[in-house]
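# Structural description and commentary
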Amino acid sequence: MTETANNENNETSKLSNRKTSPVGRMCKSSRGFQQGHPYFESTHDETTETQHSSVWMPRLDREHFSRVVQETSGGLLTVPDADGISGSSKILRPRPNRGLTLTESYLQPDENRGLSSEMRLLNVEKNAQMWNECYVEHAEQNMCPSPQFQIYQEQQVGLCWKESLKCVNCDYHSPMYKLYSEIETGRCGQRAATTNVALHIGLQDTTTGTTKFRHILTAMDTPPPSHTGLQRTANKVASLTAQATMDDLRMRRQRSKETNTLRGLPEDAPINISVDVRYNSTNLKNTYSCGGQNASQAVGTAFSWQTDQREIIAFQLDNKLCKLGSSLRSKGLNVTCPAHIGCTANVPATEPLSEYKIGKHIGESLARDDVAIKYVATDGDALASRGIQDAKPAGMQTQRQSDTTHLSQTQFRHIMKASFPAMMFPGENAARRTENRRLFAEDVKTRCQMVYTSVHMLHNSDETAIARRMPDVIQATLNCYSGSCASCRRHAIVCRGGRRNWWHTSLHLKACGLTRVNMTDSDRSTLQGLIEMRLGHVALHMTRRRLTTNPNESANRAFSASLPKNVKFSRNALGRVCSVIDRLNYGAGESMLRKLENVQCPITKGGKVARAVKRMQQDVMYQRSYARQPAVRQHRRATKSQRMKDYFEAKQHRSTLDVYRKRQLDRTPASQTVTAATATSVRTVRRRRRHAPPPPNDTEHSYSLRSRKSADHPYASKL
Ligand SMILES: [Zn+2]
Ligand SMILES: [Zn+2]
Ligand SMILES: [Zn+2]
């Protein structure tokens, strides 16, 4: 309806639009009204047509009404355009919708299909038994020559069904048959169907909760169980799984002592562990309020490094969420979490989640089983190791070891922030120089890790021998980066000099176009400090046991399958955490069978399901060993190298306009905005200052002060 006013027709078209167009302002009287405010610029587009008379519209149904009418925050109903200005329509209150919605239309049965085409989950054996028994019973009771059976009654029990049959040719109907197997409890009353319980063992290992599971079932034309029923069973299964897993971890801690005995060591000989904590938040800091923690749940895991089999031997879940508490509070009851009965939280909502406390809990559970800890590998973030130390498992002195992966990442960040001059790295502009700096940082990081691994293998992790050798290695590495590989063959370990030196073999240097680094003596000493972050005396001491938190990181990724960071499982978080721990310790197939046995719902032996579970377990074990094979690692490195080459090649031809940069279109505050004009004025002021005459000498200065009219000036007497 909007018409662009242009050239000489501008005024005339506007006038004519006012008379003819149906859209515009609703209640403006033309008498005495001047368009636009004298002081404020009108928000209404000049070209928008104006309508002075409003028109009654036919009465709309609810669907059309909600599409046309918008309600303002004050409760006023408007029919606005894109500028928020009302059109000329006068709208009557809505009438009910005429037709059925799509979901309503599906409530009417289809004459051709009938209800019986829905899917049901039935026990095949029990189903056949029902039909056979009914057939015999029917034959015994009636003289009906040709029985025609149909479902007479059915009752849903979660996923399962009780059904009875009837004959359409006579008045026969059977009793109800349970078409599912039940859990033997040894008590009277209704017993749970195995399928309903086993379902939650499966769901625990997925991101799917009860709501989405009902979604899946309805999509499969299968009647979904009630939400409440599903939730109630999920809670029971979660607590059973949690208990079983905690018992299993206790058994594993006892087994570690047995391993010591079998190795000819004292039973309480200390072991090494790695500890890390995972928070259920993608960004730890709360961006909205006072900058506190954003996470509401944290799970810490302790991996044993006693054998080559990495196993979780202890864990701690800190949970701030309590659905019961929050619902009671919303009803006005004064309850405090975690002090009330049935509370799922174990940390008050106002308290920050602390890795120290998580570490202490882990330490205490290890101490209860008399497992002594010598070294704890953690990242550099928090104090889990001190927590374990304070719990004093079996009175041992526990020492922290740095995680090598996190140490490398810290080294990388420090190289990026180091005070290297801009021209140290080649490049035609600042962006290219920063990119080269990044490549260099990545290279130093990788090289230090390679040196660290090689030197440990060469000297069989002998700390003294490694410490004696390392100064020469660092000097050779610095020479190599300066462009001289003379000492490389003897000392550098990873560079052999000659034509195939480090510059040629590294993934990040020549392969990505970085051919030299211009280092002065001071840059060299800065770089030496950065290399010593990883290979210096202190760093080597802190990483002498070669422990990493890599198993913990991989467990953290596995937790995301059961506890996704964007879904809050307030009540069953513990069950889900335990389910993941069991899966990691035993493998997917074996863990599932154990968990099913624990809730008395084992799968059928010798069937297709058993074969599928076997296959699942095999796949997991194969994947684990496959990733560790040297050939696979080599292939992964080569792929990474190729990807980097492709990236830098493509980057040369790419437009810089459509690059994603955070907040690039948002305005900065006026005080921080440096426009071209302000930059010029700053330059001018600086130039004037440079060429300004020297400041007045003391005599002139004192003269000017003395010449002031007020005699009691504080400086007057001194001068
Ligand atoms: Zn019959
Ligand atoms: Zn509570
Ligand atoms: Zn070299």
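Residues numbered from 1 in each chain as written. Chains lettered and ligands numbered in written order. Predicted model: local features only at pLDDT ≥ 70, side-chain atom pairs only at ≥ 80, totals over all residues. Heavy atoms only, no water.

On to the overall build of the protein. Counting its secondary structure elements, the protein contains 25 helices and twelve strands. Every one of the 719 residues in the protein was classed for burial, and the buried ones make up 37%. A separation threshold of at least 6 residues defines the contact pool for the protein, and within that pool the share at least 24 residues apart is 65%. Surface exposure of the protein reaches about 45,100 Å², of which carbon and sulfur atoms provide 53%. (Helix = DSSP H or I, 4+ residues; strand = E, 2+ residues; numbered from the N terminus. Buried < 20%, exposed > 50% of the residue type's maximum accessible area, 1.4 Å probe, protein only. Contact = heavy atoms within 4.5 Å. Areas by Shrake-Rupley, 256 points an atom, 1.4 Å probe, with all protein chains shown as cover.)

With that settled, consider the coordination of the zinc ion (ligand 2). The protein atoms donating to the zinc ion (ligand 2) are Cys322 (SG), Cys337 (SG), His340 (NE2) and Cys343 (SG), with metal-donor distances spanning 2.0 to 2.3 Å. Coordination at the zinc ion (ligand 2) is tetrahedral: its four donor atoms span angles of 106 to 116° at the metal. Between consecutive donors of the zinc ion (ligand 2), the numbers of intervening residues give the motif C-x14-C-x2-H-x2-C. Residue Cys337 is classed as buried on the basis of its relative accessible area, which comes to 12%. (Donors = N, O, S within 2.8 Å, 3.2 Å for Na, K, Ca; no water. Tetrahedral: all angles 85-135°; square planar, octahedral: opposite > 155°, others 65-115°.)

Attention shifts here to the coordination of the zinc ion (ligand 1). Surrounding the zinc ion (ligand 1) are the protein donor atoms His138 (NE2), Cys144 (SG), Cys167 (SG) and Cys170 (SG), at 2.1 to 2.5 Å. Note that the zinc ion (ligand 1) binds four donor atoms; their angles at the metal cover 96 to 120°, and the shape is tetrahedral. Each donor residue of the zinc ion (ligand 1) lies on one chain, and together they are spaced H-x5-C-x22-C-x2-C. Placement of His138 in helix α4 (residues 124-141) and of Cys170 in the loop between β6 (160-167) and β7 (177-178) is noted, with a sequence separation of 32 residues between them. For His138, a relative accessible area of 2% gives the class buried.

Moving on to the side chain of Ser385. On the secondary structure map, Ser385 appears in helix α10 (residues 384-391). In contact with Ser385, other than residues within four places in its own chain, are Val376, Thr378 and Arg400.

Moving on to a positive patch on the surface. On the surface, Arg624, Arg628, Arg633, Arg636 and Arg637 cluster together to form a positively charged patch. For the positive patch, the elements supplying multiple residues, two or more each, are α21 (608-628) and α22 (630-651). Examining the composition of the positive patch, we find that three residues originate from one element, α22, more than from any other. By secondary structure assignment, the location of Arg636 is in helix α22. (Patch = residues over 30% accessible without salt bridge, like charges linked within 9 Å, V, L, I, M, F, W, Y side chains within 5 Å. Salt bridge = Lys/Arg side-chain N within 4 Å of Asp/Glu carboxyl O. Lys, Arg positive; Asp, Glu negative; His and termini not counted. Charge placed at Lys NZ, Arg CZ, Asp CG, Glu CD.)

One finds Phe440, Met470, Tyr481 and Leu527 to be the most contacted residues of the largest nonpolar core, which totals 42 residues. Excluding residues within four positions of it along the chain, Phe440 makes contact with Ile415, Met424, Phe425, Tyr481, Leu514, Val517 and Leu527. By size, the runner-up hydrophobic cluster in this structure holds 22 residues, among which are Ala242, Phe303, Cys578 and Leu584. (Core = buried A, V, L, I, M, F, W, Y, C linked by side-chain atoms within 4.5 Å.)

Moving on to the pairing of strand β10 (residues 311-319). Sheet faces and side chains relate simply in a regular strand, where the side chains alternate between the two faces. Counting buried positions along β10 gives nine out of nine residues, so the element sits mostly inside the fold. As paired elements, strand β9 (residues 297-304) and β10 share eight bridges and run antiparallel to each other. Note that in β10 the partner of Ala302 across the bridge is Ala314. The hairpin turn running from β9 into β10, its antiparallel successor, is six residues long. (Pairing = 2+ DSSP bridges.)

Working note: a packed helix pair is described by the angle between its axes plus the distance between those axes. At a closest axis distance of 5 Å, the pairing of α21 and α22 adopts a crossing angle of 65°. One way to sum up the angle between α21 and α22 is to call them roughly perpendicular. From α21, Tyr626, Ala627 and Arg628 reach across to α22, where they touch Pro630, Val632, Arg633 and Arg636. (Axes fitted to C-alpha atoms, helices over the stretch in contact; angles between N-to-C directions. Parallel < 35°, antiparallel > 145°, perpendicular 65-115°, else oblique.)

So, about the pattern of salt bridges. Taken as a whole and assessed by the stated rule, the structure comprises 19 salt bridges. Residue Glu311 is joined to Arg252 by a salt bridge in which the shortest nitrogen-to-oxygen separation is 2.4 Å. With Glu311 in strand β10 and Arg252 in helix α7 (residues 227-262), this residue pair connects regions lying 59 residues apart in the sequence. Judged on exposure class, the residue Glu311 and its partner Arg252 are both buried. Between Arg253 and Asp369 there is a salt bridge, with the nearest N and O atoms lying 2.5 Å from each other. Taken together, the residues span a long stretch of sequence, with Arg253 in helix α7 and Asp369 in the loop between α9 (355-368) and β11 (373-378) at a distance of 116 residues. Take Arg253 and Asp369: they sit in the same class, and that class is buried. In the salt-bridge network here, residues are joined through shared partners; they are Asp248, Arg252, Arg255, Glu311, Asp582 and Arg594.

Turning next to the layout of surface pockets. Taken as a whole, the second largest pocket spans an internal volume of roughly 930 Å³. Taken together, 31 residues make up the lining of the second largest pocket; nearest its centre are Thr194, Thr195, Pro602, Ile603 and Thr604. Those elements that place two or more of their residues in the lining of the second largest pocket are α4, α5 (194-204), α20 (588-598) and α21. The residue inventory of the lining of the second largest pocket, partitioned by class, reads 18 nonpolar, nine polar and four charged. When residues are assigned to domains, the lining of the second largest pocket turns out to be shared by domain 2 (118-184 + 191-228) and domain 3 (229-285 + 292-403 + 548-602), each giving three or more. (1 Å grid on protein atoms, 1.4 Å probe; cavity = no way out; pocket = protein on both sides within 12 Å on 5 of 7 lines; lining within 4 Å. Points joined across faces, edges and corners; volume = space filled by probe spheres on them. Nonpolar A, V, L, I, M, F, W, Y, C, P; charged D, E, K, R; others polar. Domains from an automatic or database assignment.)

Quick look at the packing of helix α12 (residues 430-458) against helix α16 (residues 521-535) now. Their axes nearest at 10 Å, the elements α12 and α16 cross at an angle of 40°. Between α12 and α16, the angle is such that the two are oblique. α12 and α16 meet at a crossing whose hand is right-handed. In this structure, α12 uses Phe440, Val444, Cys448, Gln449, Val451 and Tyr452 to contact α16, whose residues at the interface are Leu527, Ile531, Arg534 and Leu535. The residue makeup of the contact of α12 with α16, split by class, is eight nonpolar, one polar and one charged. (Left-handed = near helix turned anticlockwise from the far one by under 90°.)

For the rest of this paragraph, the subject is the sheet that holds β9. Strand order in the open sheet formed by five strands is β10-β9-β8-β11-β12, with mixed pairing between adjacent strands. Each of the sheet's edge strands pairs with one partner strand only, and the pair in question is β10 and β12 (399-402). Between one strand axis and the next, the sheet turns by 25° as a mean value, whatever way the strands run. Pairing of β11 with β12 involves four bridges; the strand directions are parallel. By the bridge assignment for β12, Thr378 is matched with Ser402.

Attention now goes to the side chain of Arg534. Looking at the element boundaries, Arg534 is found in helix α16. Buried and without a salt bridge, Arg534 has Asp403 as its closest oppositely charged side chain, separated by 8.1 Å. A distance of 3.0 Å separates the side chain of Arg534 from the side chain of Ser408, its partner in a polar contact. When sequence neighbours within four positions are dropped, the list of residues in contact with Arg534 reads Thr404, Leu407, Ser408, Gln411, Cys448, Gln449, Tyr452, Ala539 and Leu540. (Polar contact = N/O pair within 3.5 Å; in protein donor to acceptor, adjacent residues only side chain to side chain.)

A few words now on the packing of aromatic side chains. In this description, an aromatic ring pair is defined by two values, namely the gap between the centres and the angle between the planes. Counted according to the given criterion, the structure contains seven aromatic pairs. For the ring pair Phe420 and Phe425, a centre distance of 6.1 Å and an interplane angle of 85° mean the geometry is edge-to-face. Taking relative accessible area as the criterion, Phe425 reaches 2% and is therefore assigned buried. Ring geometry for Tyr622 against Tyr626: centres 5.6 Å apart, planes inclined by 35°, an arrangement best described as tilted. Of the two residues, Tyr622 and Tyr626 both sit in helix α21, four residues apart, roughly one turn of that helix. Through a chain of ring-to-ring contacts, three or more aromatic side chains come together here, namely Phe420, Phe425, Phe440, Tyr481 and Trp503. One Lys or Arg, Arg252, reaches over the ring of Tyr586 and ends 4.7 Å from the middle of that ring. (Phe/Tyr/Trp six-rings, centres within 6.5 Å; stacked < 30°, edge-to-face > 60°. Lys NZ or Arg CZ within 6 Å of the ring centre and 35° of its normal.)

Functional significance is not addressed by these values, which are geometric in nature.
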